[in-house]
Each structure stands twice: as C-alpha cells, then as structure tokens.
Amino acid sequence: MKNHVCVAPHRGHFLDRVSIPLAVMSRIAIGLILGCLATNIAWAETGRPSFVGSETCSGCHQSEHSQWQGSHHDLAMQKPGPDTVLGDFDNARFEYFGVETQFLNRDGDYFVRTDGPDGSMTEYQVAWVFGLDPLQQYLLPMEDGRLQALAIAWDSRPADEGGQRWYHLFPDEEILYDDPLHWTGPYLNWNTRCAECHSTDVQKNYQASSRTFATTFAEEDVSCEACHGPGSQHVALGYEGRLGGDSASGLQTDLSARGQWYFPEGESIARRKNPLTNQYQVDSCGRCHARRGTLGDYEYGKPLSDTHRLSLLGQPLYHHDGQILDEVYVYGSFMQSKMSQAGVVCANCHEPHSNKLRAEGNGVCAQCHKADVFDSPQHHNHPAESAGAQCVSCHMPAQTYMGVDARRDHSMRIPRPDLSVVIGTPNACTQCHSEQSPDWALNTLRDWGSNFGTSSDHPAVAMAALQRGDSRSVPTLLELAADETAAPIWRATALDRVSASGAQGALQIAQGLLISDDPLLRISAVRALQPLPPMRRYLALAPLVKDPVTGVRMEVAMSLAPVPLAELGAERQKSLLALFEEYKAVQKLHLDMPAINMQLGIFNVSRGDFPAAETAYREALALNRQLISAYLNLADLLRGQGREDEAKNQLETALAINPESGDAMHALGLLEARKGQREAALAWLGKAAAVETVGSRHRFVYGVAQHDFGDIAGALTTLGQLHYALPADEQVLIALVNYSSESGKRDLAERYARNLISLAPQNQNYRRLAASLGVNP
C-alpha cells in the first residue's frame, strides 16, 4: 500500500465556453460532458454524489493523472496479462510441505493448480493480479463470489536481491486446507480483507444467509475518487464554470493540508506558518494505512473514528515504547510522532499522486531540518553517504512483513538503547549493528554526548511494568493519559491499559475525557467507565448516545447494553433503543467477519438476548472453526443456561483444535469446579497455570482453587512462585498474606504484608491488614 493524499487547485474553466463546436473538442472533453449529464441525472435520482471515473478527472487534472499512472495506487489491482503478470507461469512448480503447486499459461490465460478448500488438487484461473513491488499476489475465484489471495506469492525484487522466485507467506508453518490461514480461508479473502483498500467505491454485498458475495467496485484500482470522494458534483460545477474563488469544490473532503513552512530566526527546524486545523488528509490515508476494523459504510470527509475502529498502541501490535511490532500500516506510528504534533501531514513527505517521496534520500527530511545541521557527521556520527548517514536508518528503522516487504516505522523516534537494556525494546543501532549489544549501543551514544536521563521515568517502562502486574506504574500512565501536550493516541492507550488492568485512578480522568474534542480519547474514556454499575454508566454516558462520531456511539452502545430499560423514562428508552438498533445495523454490514459475529454475540449477551447471542457465536465458528474465543464464549453462554454438557463439549472441541490453549483449559477447570469435581477442576486449572507465560490470572486462580479445595500448602507454593515471577502483583500478595496467616505461618504473612505496604504505602486497607498481624506500617 502507498499513500494517496492531497488535491491540486481546481481548474474548472475547461468548459466555460459551452458554445465551442463539438467537433473540435477532445474525446475526453466529450466524455466529460456526457459524464456530467449522466452524473447530474444520478445526483437527481439518488440525492448523493456519484463516482465518475479517473478518465473524467484526467480531462482537467492532466498533470496529477499523469503522475498517478503507473503508481502503486494505479497498479494496485489489474487484469492478468503479459504486461501485468510478473510471476513465472511457464509451467513453474513450487513445493510447500509436500503440496506441489503449478503455475500455467495457456492461450494467454493464467492458471494455478493447487490444493483447494477440501485439500484436493484443483485448477483455478487467475482473475486478478494483486500488487506490484516487492511482491505480487494472485486472486483466484470461488463459486460463492469470493476472491482468494493465493498464499504463494511472486517475489518481484531483482534476482541479486533474492527475488524473482515463488515463495510462501508462511514458510515455516504448515498451513493445511482446514486452517483459517489457508489461502482459501477467511483471512486471505479479498472481499473482506483487501478490497476496500485496493479498489475504488467497493460495495462488498455480502449475503449472510447464503454466505456469498456479489462484490462490485467503480474502478479496480485506487483511483482519484478513492481519496477525493465521488466527483459528480465537482464535475458539474466545472461544467457550469462555478469552480474556484469562494465556490464550493463539489467534493466531500478537502485534502489540501501541506501548509506553508518557514525557519524561525536562528532555528534549524521549520515551523508551520498556520496551525493545522484538522486531520482530514491524514485520516484519509489512514483509512487504508492503519490497523483498524471497519464501521459501516465509508464517508468521505469524516474523522477516521467515524468509519473505522482504530487499534491503540502496546503489545501485541506495538512494542511497549510504540515501535512497530506486528503489521500496523503506518497511521498509529505516525500519530505518535513529533512530526504529527508539529502539523506535518502525509503529503509533506510523499507526493500523493505518484506515491513517490518529495525528494531523494535525506532531501525529504531537509525540507524541514536544515541539512548543514542535521545531514552532517557532527549530527549522525557516520561517514557521509553511508547507510548510517541516512536519516531513516536511525529514525525510521524498517521491519519486514510478508517475507520481503520492508516497511519503515513512521513514529520517527530517537534510538533508545537504554530502553532496550531495561525492557528489551529494539533500537535502530543494534538493528543495523546486529553483532553488537544494547549496552554497546548505549555506551556509544553516551560517548557521542547523548544523555537520556532516567530511563525508569519513560512511559514505555511503565507500560511494560503494568503488563507484569506492577501497579506502581499506574501513576505514570495516568499522568500520561491526563497530559494535554501528549499525542492523543498515547493518552488513549495509557487510559485503556490502566482501566483494563483494574487499577484505581482511571475513572476520574475518564470522566474528564468524555468531553474531549478527540474521538479516540472519548472512545477510551467510554471503555474506562466499564467498572461502574450499568445505571451509573448510563448517567455518565447519556450525553454521548448521540455523539457525532460513529466510533464513539458504537462504544457507548456496547457499554450501555446491560442497562435495564425499565429504569429509564420513555424518551430515554427510545433514544437508547435507537442506538442499539444502529449498533446492530452497523455490525450486520460485516457479518462475513468472524470477529464481528463475536461482537454481536457479546452485545446480545449483555442485552439478555441469549438465542441471538448463541446464533452469533455459532456463525463466528462456521466462518472460522478454529476461533477459540468463540468456543469459550459459547460455552460460557451455554453453562449460564444450565446446558453444562453442551458447554463442556464446546471446550473439549476447542482443546482438540488447540491442545495448548490455556484459556480452554482454564474454562474447563472452572466448569468442573462449579460442578464440585475437585480432582478434575484442579487438574485442568493446573494445566492452564503451567502454560501461562503472560499475565497472572490462570496461576492466581489455580492457587485460589487449591486453597478453596483444602490444599493450603499447594496454594502457598503456587502463589509463592507467582510472587517470585511477578513481585509487584498486589492481588497475589493479598492472598499470600491471608493464606500464610491462616496456615499459622505468621512470619511469612508479616513479610508479605510489608511487601504489600511498600508497593502501595497510602492504601489504608493494606495498612489495616498489616496492623491486624501486628505489623507496624
């Protein structure tokens, strides 16, 4: 994917003189007139602007169209042919875990013979070519309207770089035909996963009843209107000579946000002359260049949170300091950056039509960072023209995805080997000097005069500590959440992590952020209020029931689903029911996605509609039979209705699919415990505890279960080991104090009590607990 942003000044005078004889007009101009008449009719009939096509745009915007031609956006998806297919289809063969795939070319058509959805060898004709560089994939058609992206891709890099070969996207893991990651499975489905960002005006048209697609698009590639929106009104205004000056553009969004920049006297970094007043351009790019889910239909000119559910920072998508870890597509990285906070937008660095950088090498950075200061050995401490002298090598290190696709981290940060030493995050120094250690990098930077201060004060250290259960990190993260100078995505992440941990202090900050101008902060604030009883949540969130941003309203709907309607007045009931119907309508647009069915199931459980919840969970499993979380949720739903045998069957099925699922083991243990089956319960809970490596819940519950079933010595051993692994986990210490005291090990209880007070010296409950043991706080 490449960026597609910005809009050139409108030139709407091309048809001002409508009396020009038709015979002397170009074919494009004729097309524009006819297109305008057609789109005016469409506008009159539907009341909405319509798509006119890139050829129509080219009549007035020849330069932009010329730059766009041949770009990654233009070539995002193409019909197969000798000029578009890069892979070797000359009876080439590729073997993957014993399955041999053939690539064939017959009479100008391209075919792939490979294992199909039932594992049998089947021949498919290539329907579309997908992408260009550094890899190209091929879309193969299925009878139910699906297009599937073959997991064997063509490495289009030059041969001397390791390219010009077939390779598998999952080379080290055997993906069988019944695996959702198989090329015929839901996660390589074009209609659901790819189409929105590789074509223009995609209409998915999924029929849930038959699980079929009838997907359409206006243009197969990422054309002008994919970014600028439908152009019929724009063309009509141009036809009437009413573009320019104070006239409206006829487009739904304005992407011209590059601004004017200057160097203040005596400074080496440029500043915007006028502050950036909106994020329309960056959000337009973020529609595709972000890790996100889709909400309803895309609306041009709206905040990204109005049409998509954005992923926040932190693991497993990002390292604790915000560096890219999983494939996250730029937006979340960039929104953390100082560049974003300074008003930089995508088009400041990238030409939006050609997708090329504005300048070569360090020249793109030198637009705002004076070269004589920053592009010099005195700054970068590397030989001129070396790889280490490139700005991106230190400030935008790359990670490789899909086997060959190196993508740069757009958080544009200073290398922090001190954090590598403390919490194990990567740093650009040792990514390049892979034979060296973080300590070496840290000492080298210190020799160069870099001083990072106290590493333990960095929010990344607090993020890592909170994941280990160390509540001493909470004040640092709450301070970040309340910091109005910090990037909103970091503030939202900090609040989200604290509230999800169950730590105290998030509610007060969340109350204040409910009125934030930033929708991402409002969304996180809504989630942070989840610990409140339903009616208290309603009183806090009622003003957001009609929030202008869809993403906020959807989060409010989930949060208020358990509210007892009988306790509300008639008007409030009506308003809330309307929100619930909107929530279900938005989700039903994407019932082809297992995760959406899961969300509907959870929503319906909260609403008390158990049959609808069961239907949603079972549909999620029909789409992805390996979705362990759906088995767990369905089992819990069945158990709550007294259908314990059915619940057990679901959990056993989950374990048959994934024998290492600690969550399934844990759920089975709880199910047996509720039935009073001591031995079976402890066996399953013990197995879950044994495989737990992140968090503490399974080990903690196992220790509590040992105690409750009479094995106090076993409980002290389990919880003592957990305390050794996570010394700052307060709930573990509380249990150890109580269980040690109960078993007569008073010295041990007192020691644990002192540890507890050292973690939270202001907690009066801990002080009273210690005092009951005779410990003087």
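What counts as what
- Residues numbered from 1 in each chain as written.
- Predicted model: local features only at pLDDT ≥ 70, side-chain atom pairs only at ≥ 80, totals over all residues.
- Heavy atoms only, no water.
- Helix = DSSP H or I, 4+ residues; strand = E, 2+ residues; numbered from the N terminus.
- Rg over C-alpha atoms; globule rule 2.2 N^0.38 Å.
- Buried < 20%, exposed > 50% of the residue type's maximum accessible area, 1.4 Å probe, protein only.
- Axes fitted to C-alpha atoms, helices over the stretch in contact; angles between N-to-C directions.
- Parallel < 35°, antiparallel > 145°, perpendicular 65-115°, else oblique.
- Left-handed = near helix turned anticlockwise from the far one by under 90°.
- Contact = heavy atoms within 4.5 Å.
- Nonpolar A, V, L, I, M, F, W, Y, C, P; charged D, E, K, R; others polar.
- Pairing = 2+ DSSP bridges.
- Phe/Tyr/Trp six-rings, centres within 6.5 Å; stacked < 30°, edge-to-face > 60°.
- Lys NZ or Arg CZ within 6 Å of the ring centre and 35° of its normal.
- Lys, Arg positive; Asp, Glu negative; His and termini not counted.
- Salt bridge = Lys/Arg side-chain N within 4 Å of Asp/Glu carboxyl O.
- Arc of directions from axis to C-beta.
- Disulfide = S-S within 2.5 Å.
- pLDDT = per-residue confidence, 0-100.

Now for the overall build of the chain. The number of helices and strands found in the chain is 38 helices and 18 strands. For the chain, the C-alpha radius of gyration of 29 Å lies close to 28 Å, the compact-globule estimate for 777 residues. Seen through its principal axes, the chain has C-alpha atoms that stretch 105 × 65 × 65 Å. Classification of the 777 residues of the chain by burial places 50% in the buried group.

Glancing now at the packing of helix α36 (residues 730–742) against helix α37 (residues 746–759). For the pair α36 and α37, interaxial distance at closest approach is 8 Å and the crossing angle is 155°. As the angle between them shows, α36 and α37 are arranged roughly antiparallel. α37 is crossed by α36, and the crossing has left-handed handedness. On α37, the residues that touch Glu730, Leu733, Ile734, Leu736, Val737, Ser740 and Ser741 of α36 are Arg746, Leu748, Ala749, Tyr752, Ala753, Asn755, Leu756 and Leu759. Looking at the contact of α36 with α37 residue by residue, the classes come out as 10 nonpolar, 3 polar and 2 charged.

Attention now goes to the pairing of strand β3 (residues 99–106). With 5 bridges connecting them, strand β2 (residues 92–96) and β3 associate as antiparallel partners. Within β3, the position partnered with Tyr96 by the bridge is Val99. Sheet topology places β3 next to strand β4 (residues 109–115); 5 bridges connect them, and they run antiparallel. For Leu104, the partnering residue across the bridge sits in β4 and is Phe111. Where β3 hands over to β4, the hairpin turn is made up of 2 residues, of which Asp107 adopts a positive phi near 55°.

Within the structure shown, the criterion is met by 16 aromatic pairs. A centroid spacing of 5.3 Å and a plane angle of 80° characterise the contact between Phe89 and Tyr138, whose relative ring orientation is edge-to-face. On the criterion of sequence distance, the pair formed by Phe89 in the loop between β1 (77–78) and β2 and Tyr138 in strand β7 (residues 135–141) is long-range, its members being 49 residues apart. Take Phe89 and Tyr138: they sit in the same class, and that class is buried. An angle of 85° between the planes, with centres 5.1 Å apart, marks the rings of Tyr124 and Trp183 as edge-to-face. Pair noted here: Tyr124 is in strand β5 (residues 121–125) and Trp183 is in the loop between β10 (165–168) and α4 (190–193), with a separation of 59 residues, a long-range link. By relative accessible area, which is 3% here, Trp183 ends up buried. Here Arg287 stacks its cationic end above the ring of Tyr298, 3.7 Å away from the centre of that ring. The aromatic ring of Phe263 is capped on one face by Lys370, whose charged end is 5.1 Å from the ring centroid.

On to the side chain of Asp221, then. Summarising the element assignment, Asp221 is placed in the loop between β12 (212–213) and α6 (224–228). One buried charged side chain, Asp221, makes no salt bridge at all; its nearest oppositely charged neighbour is Arg287, positioned 12 Å away. Filtering out sequence-adjacent residues up to four positions away, Asp221 remains in contact with Trp68, His73, Asp74, Met77, His198, Ser199 and Thr200.

Where burial is concerned, most of helix α26 (residues 550–560) is hidden: 10 out of the 11 residues are buried. What α26 keeps buried is the set Thr550, Gly551, Val552, Arg553, Met554, Glu555, Val556, Ala557, Ser559 and Leu560.

Put simply, α26 and helix α27 (residues 570–588) touch, their axes get as near as 9 Å, and they point 110° apart. If you check the angle between α26 and α27, you find them roughly perpendicular. Seen from above, α26 lies across α27 with left-handed handedness. Of the residues in α27, those in contact with Thr550, Arg553, Met554, Val556, Ala557, Met558 and Leu560 of α26 are Leu576, Leu579, Phe580, Glu582, Tyr583, Val586 and Gln587.

Take Gln650: it is sitting in helix α31 (residues 644–657). Contact partners of Gln650, with chain neighbours within four places excluded, come to Arg618, Leu621, Tyr631, Leu634, Ala635 and Leu638.

Another aspect to go through is helix α19 (residues 438–447). Turn by turn, an α-helix covers 3.6 residues, leaving residues three or four places apart pointing in a common direction. Among the residues of α19, those classed as buried are Ala441, Leu442, Thr444 and Leu445. Taken end-on, α19 shows its buried residues confined to a sector of 165°, consistent with a single buried face. In α19, those exposed residues whose orientation departs by more than 90 degrees from the buried face are Arg446 and Asp447. Of the surrounding elements, those touching the buried residues of α19 are α17 (417–423) and α18 (428–432). Once α19 finishes, Gly449 follows within two positions and takes phi at roughly 100°, a positive value.

Evaluated as defined, the whole model comprises 1 disulfide. Covalent S-S linkage joins Cys197 and Cys288, the inter-sulfur distance amounting to 2.4 Å. The disulfide joining Cys197 to Cys288 has a torsion of about -100° about its S-S bond and is therefore left-handed. Here Cys197, found in helix α5 (residues 195–198), pairs with Cys288, found in the loop between α8 (280–286) and β15 (292–294); they are 91 residues apart in sequence, far enough to count as distant. Residue Cys197 is classed as buried on the basis of its relative accessible area, which comes to 11%. Residue class for Cys288 comes out buried when judged on its relative accessible area of 5%. Cysteine Cys60 is unpaired, with the sulfur of Cys57 as its nearest cysteine sulfur at 9.6 Å. Taking relative accessible area as the criterion, Cys60 reaches 10% and is therefore assigned buried. Between Cys394, a cysteine without a disulfide, and Cys429, which holds the nearest cysteine sulfur, the sulfur-to-sulfur distance is 6.4 Å. Accessibility expressed as a relative area gives 22% for Cys394, which makes it partly exposed.

Bringing the pairing of strand β9 (residues 152–155) into the picture now. Successive residues of a regular strand alternate their side chains across the two faces of the sheet. In β9, alternate side chains face the same way, and those of Ile152 and Trp154 on one face and Ala153 and Asp155 on the other are all buried. Where β7 and β9 come together, 2 bridges link them in antiparallel fashion. Counterpart to Gln136 in the pairing with β9 is Trp154. Pairing geometry for β9 and β10, over 4 bridges, is antiparallel. Looking across to β10, one finds that Ala153 is bridged to Tyr167.

Right, let's get into the confidence of the model for the chain. The pLDDT averaged across the chain works out to 91; a share of 93% of its residues lies at or above 70. Every residue in residues 1–44 scores below 50 in pLDDT, and together they form 89 contacts with partners more than four places removed in sequence or on other chains.

What follows deals with the environment of Glu581. Mapped onto the secondary structure, Glu581 falls in helix α27. A residue is classified by how much of its surface remains accessible, and Glu581, at 48% relative accessible area, is partly exposed.

Read from one edge of the open sheet, 4 strands run β2-β3-β4-β5, paired in antiparallel fashion. Looking along the sheet, the strands with just one partner apiece sit at the ends: β2 and β5. Direction aside, neighbouring strands of the sheet carry axes that sit 20° apart on average.

Before going further, it helps to spend a moment on the pattern of salt bridges. Under the criterion given, the structure shown has 32 salt bridges. Its salt-bridge partner being Arg271, residue Glu267 comes within 3.6 Å of it at the nearest N-O pair. Overall, Glu267 belongs to the partly exposed group, its relative accessible area being 33%. Linked by salt bridges that have partners in common, Glu614, Arg618, Arg643 and Glu646 make up one network.

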